[in-house]
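# Coordinate inspection notes
Residue strings, one per chain:
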Amino acid sequence: MKTQMAGLALALSLTAGAAAAQETLSLYNWGDYINPEVLTKFTEETGIAVTLDTYSSNEEMLAKIQAGATGYDIVFPSVHMNDIMLKLGLLEKTGINAHPDFKNIDPAFLRAKEDPAGEYCLPYAWGTVGIFYNEDVTGPITGWADFFAIPEKTGAKITILDDMREVLAVGLIMTGKSVNSADPAEVQAAADYILSHKAAVTAFTYEVPAMLTSGDIAAGHFFVGGNVFFTEMPNIKYIIPAEGGTMYQENICVLASAPHKENAQKFLEFYLRPEIAALNVAQQFNGTPNIPANELTPDFIRSNPNINVGPETMARLQIFEDIGAALKIYDRAWNTIRTAQ
Amino acid sequence: MDSLLEIRGARREFVTPEGDRIAALDGVDLDVGAKEFVTLLGPSGCGKTTLLRAISGFEALDGGTIRLGGADLTALPPFRRPLNTVFQSYALFGHMTVARNVGYALEVAGVPKRRREAEVAEALDKVGLSGMGARRPGQLSGGQRQRVALARAIVAKPRLLLLDEPLSALDRNLRQQMQIELKTLQDRLGIAFVFVTHDQEEALTMSDRIVVMRAGRIEQIGAPRDIYRRPRNRFVAEFIGETNLFPVTVDRVEGPTALARTAEGVELLLPAAGRKPGEAITAILRPTDFTLADKGIPGTVRSAVYLGSDLHLFVAPAAGGPEIRVTARDGQAAETGAAVHLAHDPARVHVLEGG
Amino acid sequence: MAIRRQSAILGLLLAPATLFLGVFFLLPLLIIALFSFLTPGLYGGVEWSFYHWNYGRIFGWADGIMEVFEPVYLRILWRSLSFAALTVLVTLLLCYPVAFWVSRLPERSRLFFLFLITLPFFSSLIVRLYAWLLILKPTGFLNSALMGLGLIAQPLEILYTPTAVVLGMVYVMVPFMFLPLYAAVDNLDRAQVEASMDLGANRVQTFLKVVLPQTLPGIMGGAVIVFIPSVGNFIVPDILGGAKGLMIGNLVEQQFLSARNWPFGSALSMVIMSVVLTVLLVAVTRARKTGAGHA
Ligand SMILES: Nc1ncnc2c1ncn2[C@@H]1O[C@H](COP(=O)(O)OP(=O)(O)O)[C@@H](O)[C@H]1O
Ligand SMILES: [Mg+2]
């Protein structure tokens, strides 16, 4: 993916090079987390060449920025990381909320506690983490209890994410606790829940789309964005578990160290436009905080209740917050889970 | 002679990288007596090493047998053959001390440590290396390494020792000293040595018998004197020592002496026994067989090489034909350009039948 | 005077080497050592105050509130060392006979083989490990082939097991074991092998007393080059082990990239380095002694 992106970036910089002098913008984003067409369009309109680098966890991005990586203009932190970066003074105030188009943004998505009015970052996209399953093998399932029972019932394999907080969140949800609990006993109980099902889990992995397609697994814990791989496979379904699931939201933030702050500002304003946000959703299969954009997304996305979730499903979702020093409790629990035989 | 080693019809072919088949051993028969020093001599590539390796078991034969003390060795692997080898490169074990190198054969045979140590000391003593046991081969000179290799090969008291050009890496003085030592050691041990060399002087100095080889075949076997004085053919004659070869026709027979002449007209006297006038033969005379005299073959000194006690002359016969090599005693005046006569004792002429 | 000038010149001559070692080796090491005694910053990084719980968590002293001692870290370390040792053993057993076989090939085939063995270096490790994932998974090439041949009825459970991890590690490390081994085997003095047999040693004795000691430098070299990165490897257990069996390398990676605990990650690194260094020193000294040993 990364090379593909690099190729794209190269192509973009070439077209831009023809149009204008060296105006550039450097994005640092999750892998596969923006529709390349959005970038192409941005370059066409503004003449600004875009380069894209990717990361695979908030912490990886934070560690890089903290270690002094320079040259990046825009990052896409999750909400809790957005808070952390604000506390650490790593972000630039953009005043994006003063832009007339900011009215497009649903205020419910101004989740960053440190930036309640949206003076710094622009809510980018959001999604859910749930279960993909091959209905031909598993039959209908509704939530985590059904999911963990698949191996025993059918002999097929299941996987969960190789992600500390996501995995422990499943345990916390199943023991009725907040996914942001800082209580060691609650986290331990969550770890025990996962441990009691570890034997049923084949692997902690992100390889869900490929393994599900090939039939190597029957179900996997994965992000809603995985739907992009299964548009032609009606037997593969996605659910937000009945017991509850997690959601994520990333914001577009400009770094305090950004070398091209004006271009970054232009990108934020560009992304406020409903048709641009909708263009991104059409390829990414996730939600957008841009209210008018939701009306412009393709019908099969808009009508899927597991993608375009309604208020009652929304109530089952929790979002990760910065838990500060309690992270250590999670780290210990995670080590226990991963070393248990 | 009761022979210790009997080789019969040994054959070995190799395929060269170019795909040609060459016979490294082409039907070799050889007997070696129990206390004999036998040297395999011949030009490089004639099969000496192959023959030695066939005896030690590192080269399998395509045909023929090898017996030692009556027992058939042909099918035995090297480690089952009761004989040892001194390798050309010495092949000392670099990761072991001298003592452990020497005691290796006893170590692998399971000889108890105490007895082993005694025998190692004895073997080191025999080669003049007493007290060197704690050193590493890397800390020794070339000559010392040679002695370690020797001690290692004799420690198990084999009845036959094989040596493949063991002296070739030594400088000339050391080589001559080692030649004598080796010969003495062989006498003292009372075992058979099969020694490989391409150096005819070395062969002449050390051997009881010399085996001259060419292209996988034995050309002649005999005592050094025999080989030197009575080479069976031109190859042997030319390979052993310096030689003058005269292709001649017998002119007439007068009593015990016959007169023969080369095409150019150089005249030689030789023993009459068995000679018939008109017969074409090759007469051989070593450089030492000529003396500078008042009569004899007339000629001119073309060059004179001073070699310590001897003076080597190249004399062009007045009648024409190839130059004659002559060894004169130092002090005999013979400068380049001098006119000389070469006399010889007819009895010392050796005749190769059929030219 | 003269001596002082000499040492000044020597110092000047050695300066580039010292600088090189300092920048690429010593400086990072010093930073890690320093960090391992500092307080973890809440959001990564460090706070500049002394803190010994990083080691306490590993070795058995802790305040029991925010820092808890858990034997799990030592167990993970032990597990990683065992896997690394197993990797060394398997690669050695695989490469040793092959090195002999290759050293006897005609030159052209030999060069071709050496080229083949370095071929993996031309592509990314991750890509190659994903290829193994495709081979080993239940519907992968291996199982399809074996089932197609009727050798097995059910797919073999290899992927996401310790077997897959060892297989992957061995695959990654084989070239590193092979090259030093091959160099040693190729350098082996054939005449010494023959001398040994000539002196009555059978094939086993010859192997143990001559071939093995002569190739020992290659074996040690290969073992060291394979052992060190194997201890810290975290990509293979992640991709082929399904991240189920935590290795010390994963633990360190996790401290930096998700637990945001740089000092603890540094302390773990220091522990790994000390253990690996100790293991190597012991192994090398022992090997020296064996090489020099008398029988
Ligand atoms: N392993 C081998 N493969 C092919 N040819 C060989 C091999 N060993 C020896 N020969 C050939 O056999 C012939 C005799 O070799 P060798 O016994 O070593 O001769 P020498 O020791 O008299 O110099 C040579 O032509 C040599 O090239
Ligand atoms: Mg030879």
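## As for the domain arrangement of chain B
A common measure of how large an interface is: the accessible area buried when the components associate. Residue and element names in this part refer to chain B. If you check the domain split of chain B, you get domain 1 (3–239) and domain 2 (244–353). Relative placement of domain 1 and domain 2: their C-alpha centres are 39 Å apart. Contacts between the two partners involve 10 residues from domain 1, matched on the other side by 8 residues from domain 2. Between domain 1 and domain 2 lies a buried interface of about 820 Å² when both sides are counted; carbon and sulfur atoms form 50% of it. Ranking the residues of domain 1 by area buried against domain 2 places Tyr228, Arg229 and Arg234 at the top, with a combined share of 61%. Across the domain 1-domain 2 interface, the total number found is 1 salt bridge. The partner of Arg229 in a salt bridge is Asp289, with the nearest N and O atoms 2.9 Å apart.

## With respect to the interface of chain A and chain C
Counting residues at the interface gives 37 residues for chain A and 41 residues for chain C. For chain A, the biggest contributors to the area lost against chain C are Lys328, Arg332 and Arg338 of chain A; these three give 21% of the whole. For the pair chain A and chain C, the interface holds 7 salt bridges. Between Arg338 of chain A and Asp238 of chain C there is a salt bridge; the shortest N-O distance is 3.4 Å. In this structure, the connection of chain A to chain C is made through 18 residue pairs in polar contact (both at pLDDT 80 or more).

## Topic: the site of ligand 1
Residue and element names in this part refer to chain B. Phe14, Ile22, Ala24, Pro43, Ser44, Gly45, Cys46, Gly47, Lys48, Thr49 and Thr50 make up every residue found near ligand 1. Within the contact set of ligand 1, an oxygen atom lies 3.0 Å away from a backbone nitrogen or oxygen of Gly47. Separating an oxygen atom of ligand 1 from a side-chain N or O atom of Thr49 is a distance of 2.6 Å. For ligand 1, whose free accessible area comes to 550 Å², the fraction covered by protein is 63%. Secondary-structure elements contributing two or more residues to the shell around ligand 1 are strand E2 (21–33) and helix H1 (48–56). Of all the elements, H1 adds the most residues to the shell around ligand 1, at 3 residues. Class assignment for the residues of the shell around ligand 1 results in 5 nonpolar, 5 polar and 1 charged.

## Quick notes on the pattern of salt bridges
Per the counting criterion, the structure on display carries 40 salt bridges over all chains. Residues Arg11 of chain B and Asp26 of chain B are paired through a salt bridge, measuring 3.3 Å at the closest nitrogen-oxygen approach. Linking Arg11 of chain B in strand E1 (residues 3–15) with Asp26 of chain B in strand E2, this pair joins segments that are 15 residues apart in sequence. Accessibility expressed as a relative area gives 38% for Arg11 of chain B, which makes it partly exposed. A salt bridge links Glu181 of chain B to Arg147 of chain B; its shortest N-O distance comes to 3.0 Å. Residue Glu181 of chain B is found in helix H6 (residues 172–189), and its partner Arg147 of chain B is found in helix H5 (residues 142–154); the two are separated by 34 residues along the sequence. Within this structure, Arg12, Arg53, Glu59 and Asp62 of chain B together with Glu194 of chain C form a network of salt bridges that share partners.

## Considering unusual backbone geometry
Unusually for a residue other than glycine, Ala91 of chain B sits at a positive phi of about 50°. Examined against the element boundaries, Ala91 of chain B turns out to sit in the loop between strand E6 (84–86) and helix H2 (98–102).

## Let's talk about the arrangement of the chains
For this structure, the chain pair with the highest number of contacts among 2 pairs of chains in contact is chains A and C. Separated in space, chain A and chain B share no contact, their closest pair of C-alpha atoms being 45 Å apart.

## A closer look at the sheet that holds strand E18 (residues 324–329) of chain B
Residues and elements named next belong to chain B. In space, the 5 strands of this open sheet follow the order E15-E19-E16-E17-E18, with antiparallel pairing throughout. Taken across any chain shown, the strands that pair with only one partner, and hence form the sheet edges, are strand E15 (290–293) and E18. Between one strand axis and the next, the sheet turns by 50° as a mean value, whatever way the strands run.

## Details of the side chain of Ser103 of chain C
Residue and element names in this part refer to chain C. Among the structural elements, Ser103 can be located in helix H3 (residues 72–103). Of the polar contacts made by the side chain of Ser103, one reaches the backbone oxygen of Phe100; its length is 2.9 Å. Those residues in contact with Ser103 that lie beyond four places of it in its chain are Arg110, Tyr182, Val185, Asp186 and Arg190.

## Here we look at the domain arrangement of chain A
Residue and element names in this part refer to chain A. By the assigned domains, chain A splits into domain 1 (11–126 + 248–309) and domain 2 (127–246 + 314–339). Placing a centre on the C-alpha atoms of domain 1 and another on those of domain 2 gives a separation of 27 Å. Where domain 1 touches domain 2, the interface holds 2 salt bridges. Salt-bridge contacts for Lys87 lead to Asp322; the nearest nitrogen and oxygen are separated by 3.3 Å.

## Describing the pairing of strand E2 (residues 46–50) of chain C
Residue and element names in this part refer to chain C. Sheet topology note: the strand E1 (residues 38–40)/E2 ladder contains 3 bridges and is antiparallel. Residue pairing in the sheet places Leu38 in a bridge with Phe50 of E2. Hairpin connection from E1 to E2: 5 residues lie between these consecutive antiparallel strands, with Gly44 at a positive phi of about 90°.

## Observations regarding the environment of Gln255 of chain C
One can find Gln255 of chain C in helix H11 (residues 248–257). Sequence separation between Gln255 of chain C and Gly56 of chain C is 199 residues, and the spatial gap between their C-alpha atoms is 16 Å. Once you skip the residues sitting within four places of it in the chain, Gln255 of chain C turns out to touch Asp331 and Asn335 of chain A together with Arg260, Asn261, Trp262, Phe264, Gly265 and Leu268 of chain C.

## Let's talk about the interface of chain C and chain B
Residue-level contacts link 24 residues of chain C with 28 residues of chain B. At the boundary of chain C with chain B, total buried surface from both sides reaches about 2,200 Å², with 55% on carbon and sulfur atoms. Our count for the chain C to chain B interface comes out at 2 salt bridges. Its salt-bridge partner being Lys209 of chain C, residue Glu107 of chain B comes within 2.4 Å of it at the nearest N-O pair. Where chain C packs against chain B, one counts 10 residue pairs in polar contact (both at pLDDT 80 or more). Put simply, the parts of the chain that give the side of chain C that touches chain B at least two residues each are helix H8 (190–198), helix H9 (203–232) and helix H12 (262–292) of chain C. For the side of chain C that touches chain B, the per-class residue count stands at 9 nonpolar, 10 polar and 5 charged.

Criteria and cut-off values
- The residue numbers shown here count from 1 along each chain, following its written sequence.
- Chains carry letters and ligands carry numbers; both start at the beginning, A for chains and 1 for ligands, and go up in the order they are written.
- At least 70 in pLDDT is required for a residue's local features to be given in this predicted model, at least 80 for side-chain atom pairs to be given and counted, and no such filter applies to totals for whole chains, interfaces and linings, which use all residues.
- Side-chain metrics rest on all non-hydrogen atoms present in the structure, leaving aside hydrogens and water.
- A domain assignment, automatic or from a database, supplies the domain bounds used here.
- Only heavy atoms enter the contact rule, under which two residues are in contact if any of them lie within 4.5 Å.
- Note on definitions: buried area is the accessible-area loss of two parts on being combined, 1.4 Å probe, summed for both.
- In the sections that follow, a salt bridge refers to a side-chain nitrogen of Lys or Arg positioned within 4 Å of a carboxyl oxygen of Asp or Glu.
- In protein, a polar contact requires one atom able to donate a hydrogen and another able to accept it; more generally it is a pair of N or O atoms within 3.5 Å, and residues adjacent in sequence count only if both atoms are side-chain atoms.
- Summary of the distance rule: residues count as near a molecule or strand when at least one heavy atom falls within 4 Å of that molecule or strand.
- Computed by Shrake-Rupley with a 1.4 Å probe, the accessible areas treat only the displayed protein chains as cover when residues are assessed.
- The helix count covers DSSP runs of H or I at least four residues long, the strand count covers runs of E at least two residues long, and both are numbered beginning at the N terminus.
- Residue type decides the class: Asp, Glu, Lys and Arg count as charged, Ala, Val, Leu, Ile, Met, Phe, Trp, Tyr, Cys and Pro as nonpolar, and the leftover types, Gly among them, as polar.
- Each residue gets one of three labels from its accessible area relative to the maximum for its type: buried under 20%, exposed over 50%, partly exposed in between, using a 1.4 Å probe on protein chains only.
- One bridge is not enough; two strands pair if DSSP finds at least two bridges between them.
- Fitting a line to C-alpha atoms yields each axis, with helices limited to the stretch in contact; the angle taken between N-to-C directions then spans 0 to 180 degrees.

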